[in-house]
Amino acid sequence: VTAPLRRAVDGLCAGEPEKAMDMIVQLRETVEVEGQDLETETLRNTITAEILSPRTLLDILKGSNTLADDRRQPYLDGLSKVLECIQSQHFETAIGFLPESPPGKIRVLLLDFMRRAGPGHEATIGAQFATADLELGLDLVRLLVAIDSDAARESISMASSSPHPLVRIEALGQLEGVSGPRVRAELRRLLEDDELDVRLAALRAMADYGIAAAGPFLVLRMQDKSFLKLPFDE
């Protein structure tokens, strides 16, 4: 029955992605094997993945950016159920939308899916570094670390194309360790910049985003005699 259901959902999504998602969620909930909770959940996940085309998933995700406030939580609840079931055929759609997703629940759901479905797609993830903003770039490094495959470790090196020093530092910290020579060189360039505003912005970002690789370097700076000569804020 999934082929006609998929066509119906696709047709509905063309104009009203919110209703298409509601239809998917309602269809899920009609599936039940009495007394068999695990089999019920498995069948619900299967039917969701089968009737959700990549194009409809993209429309549903884009619809999340234009929601009225009173519909946002129900939408997120439904989207959570949908994203828990999507499979590898939806990977390209998910990663294509990722840069548009604001930091928050939807991005967390997408990253969680990509962690599950990531093996085999590591190079696609790594290719995003060149254009990703700072927060997304850090998320991508940590996603590849979580996938923990040889291909993922190789793709972390693609973070060298990131325009954001903190992304490069986070990636190098994963590849070389926090005391690696390239990590120290990147940190030195950032934290010994001539402009105080640049140094302060870097320090605040390291704290906000938990850049662990900065720790040993900062300890060494604090032990240096010149530390007490730094401006108070720094």
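Each remark here, short or long, concerns the structure printed above.
Anyway, here's the lowdown on the structure attached to this text. All residue numbers refer to position in the chain's written sequence, counted from 1. For this predicted model, a pLDDT threshold of at least 70 governs which residues receive local features, and a threshold of 80 or more governs which side-chain atom pairs are given and counted, while totals over whole chains, interfaces and linings are taken from all residues. With hydrogens and water excluded, all non-hydrogen atoms of the structure serve as input to the side-chain values.

1. Thoughts on the nonpolar core
And step 1. For this analysis, a nonpolar core means a set of buried residues of the types Ala, Val, Leu, Ile, Met, Phe, Trp, Tyr and Cys, connected via side-chain atoms within 4.5 Å. When a residue's accessible area, from a 1.4 Å probe over protein chains only, is under 20% of the maximum for its type it is buried; when over 50% it is exposed; and in between it is partly exposed. If you look at the biggest cluster of nonpolar residues, it comprises 64 residues, and the most contacted ones within it are Leu110 and Met114.
And step 2. Contacts between residues were defined by any pair of non-hydrogen atoms, one from each residue, lying within 4.5 Å. Leave out the neighbours within four places in its chain, and Met114 touches Phe91, Ile95, Leu98, Leu143 and Ile147.

2. Here we look at the packing of aromatic side chains
And step 1. Only the six-membered ring of Trp is used, alongside the rings of Phe and Tyr, when aromatic pairs are assigned; centres must lie within 6.5 Å, and planes under 30 degrees apart are stacked while those over 60 apart are edge-to-face, with the rest tilted. In this structure the tally under the stated criterion is one aromatic pair.
And step 2. A ring pair is formed by Phe91 and Phe113, whose centres lie 6.1 Å apart and whose planes are at 50 degrees; its orientation type is tilted. Residue Phe91 is located in helix H6 (residues 91-97), and its partner Phe113 is located in helix H7 (residues 105-117); the two are separated by 22 residues in the primary sequence. Summarising the burial analysis for this pair, Phe91 and Phe113 share the class buried. What counts as a helix is a DSSP run of H or I of at least four residues, what counts as a strand is a run of E of at least two, and both are numbered from the N terminus.

3. Observations concerning unusual backbone geometry
And step 1. Although it is not a glycine, Asp148 sits at a positive phi angle of roughly 55 degrees.
And step 2. Looking at the secondary structure, you find Asp148 in the loop between helix H9 (134-147) and helix H10 (150-156).

4. Some remarks on the side chain of Ser53
And step 1. With respect to the secondary-structure elements, Ser53 resides in the loop between helix H3 (37-51) and helix H4 (54-63).
And step 2. Other than its neighbours up to four places away in sequence, Ser53 contacts Arg6, Asp10 and His90.

5. Examining the packing of helix H2 (residues 17-30) against H3
And step 1. The axes are straight lines fitted to the C-alpha atoms, using for helices just the contacting stretch, and the angles between their N-to-C directions are given from 0 to 180°. Where H2 contacts H3, the two axes come as close as 9 Å, and the packing angle between them is 150 degrees. Of the possible angle classes, the one that applies to H2 and H3 is roughly antiparallel. For H2 against H3, the interelement crossing comes out right-handed. In this structure, H2 uses Ile24, Leu27, Arg28 and Glu29 to contact H3, whose residues at the interface are Glu41, Arg44, Asn45, Thr48 and Ile51.
And step 2. Charged residues are taken to be Asp, Glu, Lys and Arg, nonpolar residues to be Ala, Val, Leu, Ile, Met, Phe, Trp, Tyr, Cys and Pro, and polar residues to be all remaining types, Gly included. Across the contact of H2 with H3, the residue classes break down as three nonpolar, two polar and four charged. Throughout, the term roughly parallel applies to angles under 35 degrees, roughly antiparallel to angles over 145, roughly perpendicular to angles from 65 to 115, and oblique to all others. Take the far helix as your reference; a near helix turned counterclockwise from it by less than a right angle gives a left-handed crossing, and one turned clockwise gives a right-handed crossing.

6. Describing the packing of H9 against helix H11 (residues 165-176)
And step 1. Running from N to C, H9 and H11 cross one another at 15 degrees; their axes reach a closest spacing of 9 Å. In terms of orientation, H9 lies roughly parallel with respect to H11. The way H9 lies across H11 gives a crossing that is right-handed. Taking contact as the criterion, the partners of Leu134, Gly137, Leu138, Val141, Arg142 and Val145 in H9 are, on H11, Leu166, Val167, Glu170, Ala171 and Gln174.
And step 2. For the contact of H9 with H11, the class distribution of residues is seven nonpolar, two polar and two charged.

7. Some points on H9
In an α-helix, one turn spans 3.6 residues; hence positions three or four apart end up facing the same way.
And step 1. By this rule, a helix spans an expected 1.5 Å times one less than how many residues it contains. Between its terminal C-alpha atoms H9 stretches 20 Å, which fits the 20 Å expected from 14 residues at 1.5 Å a residue.
And step 2. Residues of H9 that are buried include every one of Leu136, Gly137, Leu138, Leu140, Val141, Leu143, Leu144 and Ile147, and no others.
And step 3. Residues of H9 that are buried sit in contact with H7, helix H8 (122-126), H10, H11 and helix H13 (196-209).
And step 4. N-capping of H9 is provided by Asp133, with a side-chain oxygen placed 3.3 Å from the backbone N of Glu135.
And step 5. Note on H9: the residue one or two positions beyond its end, Asp148, has a positive phi of about 55 degrees. The definition of a polar contact used here is a pair of N or O atoms within 3.5 Å, where within protein one atom must be able to donate a hydrogen and the other to accept one, and adjacent residues in sequence count solely through side-chain atom pairs.

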